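Close look at the chain arrangement
So the chains spell out like this:
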Amino acid sequence: MLADAGMMSMMNGPAPMGARMLLRAVPATVPAGQVSFVAENVGWRTHELVVLPLQPGYAAGRRVSGSDGKVDESGSLGEASASCAAGAGDGLASGTVGWISVTLPPGRYELVCNQPNHYIDGMRQELDVTSG
Ligand SMILES: [Cu+2]
């Protein structure tokens, strides 16, 4: 689930730092293999779901955003960012759903929204993939 908290009014332009946004994945732990993500944008901004690896020793939420407000997507395993479609696109418009299936080996991952400033505004969650 991808959401904006607080303000319900529409605003143009990129999100300011300090806006409260939400990314929640249920469950937060899944067995290794094919994992299907269905990302529902219940907020009013455009959002997306990107699956990034989490290096050993790194905690979720510690990535550093660049001057464009985005985090490095290198090593991305896939993303759901096309409105009402699978895979990558221009972002999930408000009220739409996107989806993707990826094969994940055991490990730690971080699910993020990489629209400008959304990561720093709280749109991230660790996903743990177990060998069982
Ligand atoms: Cu977002």
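Everything numeric in this text was worked out from a predicted model, so none of it was measured. (Residues numbered from 1 in each chain as written. Predicted model: local features only at pLDDT ≥ 70, side-chain atom pairs only at ≥ 80, totals over all residues. Heavy atoms only, no water.)

Things to note about the nonpolar core
The criterion, for reference: Nonpolar cores are built from buried Ala, Val, Leu, Ile, Met, Phe, Trp, Tyr and Cys residues. Side-chain atoms within 4.5 Å join them into one set. Here the term buried applies to any residue with accessible area under 20% of the maximum for its type, exposed to any over 50%, and partly exposed to those in between, with areas from a 1.4 Å probe on protein chains only. Put simply, DSSP H or I for four residues or longer makes a helix, DSSP E for two residues or longer makes a strand, and each gets a number counted from the N terminus. By the convention used here, residues are in contact when the closest approach between their heavy atoms is within 4.5 Å.
Judged by nonpolar contacts, the single largest core of 23 residues is most densely connected at Leu 23, Phe 37, Leu 49, Leu 104, Leu 111 and Leu 127. Broken down by secondary-structure element, the contributors of at least two residues to this core are β2 (21-23), β4 (33-40), β5 (49-53), β7 (97-104), β8 (107-112) and β9 (124-130). Those residues within four positions of Phe 37 in sequence are excluded, and the remaining contacts are Leu 49, Val 51, Gly 98, Trp 99, Ile 100, Val 102, Leu 104, Leu 111 and Leu 127. Formed by 5 residues, the second largest nonpolar core is a distinct cluster that contains Val 50, Leu 52, Val 71 and Val 112.

A short note on the coordination of the copper ion
The cut-off we apply is this: Coordination shells were defined by N, O and S atoms within 2.8 Å of each metal, extended to 3.2 Å for Na, K and Ca; water is absent from the atom set, which can make sites look incomplete. When four donors show all angles between 85 and 135 degrees the site is tetrahedral, when four or six donors have opposite pairs over 155 degrees and all other angles between 65 and 115 it is square planar or octahedral respectively, and in every other case it is irregular.
Looking at the copper ion, the protein donor atoms are His 47 (ND1), Cys 113 (SG), His 118 (ND1) and Met 123 (SD), and they sit 1.9 to 2.4 Å from it. One way to put it: the 4 donor atoms around the copper ion meet at angles of 92 to 133 degrees, and that makes the site tetrahedral. Here the donor residues of the copper ion share one chain and are spaced in sequence as H-x65-C-x4-H-x4-M. Linking His 47 in the loop between β4 and β5 with His 118 in the loop between β8 and β9, this pair joins segments that are 71 residues apart in sequence. Residue classification places His 47 among the buried positions, given a relative accessible area of 0%. The buried category is assigned to His 118, whose relative accessible area is 3%.

Some thoughts on the packing of aromatic side chains
Note the cut-off: Stacked, tilted and edge-to-face are the three classes applied to pairs of Phe, Tyr and Trp rings, where Trp contributes its six-membered ring and a pair requires centres within 6.5 Å; stacked means planes under 30 degrees apart, edge-to-face means over 60, and tilted covers the rest. Two thresholds decide whether a charge sits over a ring: the Lys NZ or Arg CZ must be within 6 Å of the ring centre and within 35 degrees of the ring normal.
Counting across every chain of the model gives 0 aromatic pairs. The ring of Tyr 119 has Arg 124 sitting right over it, with the charged end atom 5.4 Å from the ring centre.

Notes on the pairing of β7
Applicable threshold: For two strands to be treated as a pair, DSSP must find at least two bridges joining them.
Here β7 shows a clear split, with Gly 98, Ile 100, Val 102 and Leu 104 buried on one side and none of Val 97, Trp 99, Ser 101 and Thr 103 buried on the other. Summarising the sheet, β4 and β7 pair through 8 bridges and their orientation is antiparallel. Paired with Glu 40 across the two strands is Val 97, which belongs to β7.

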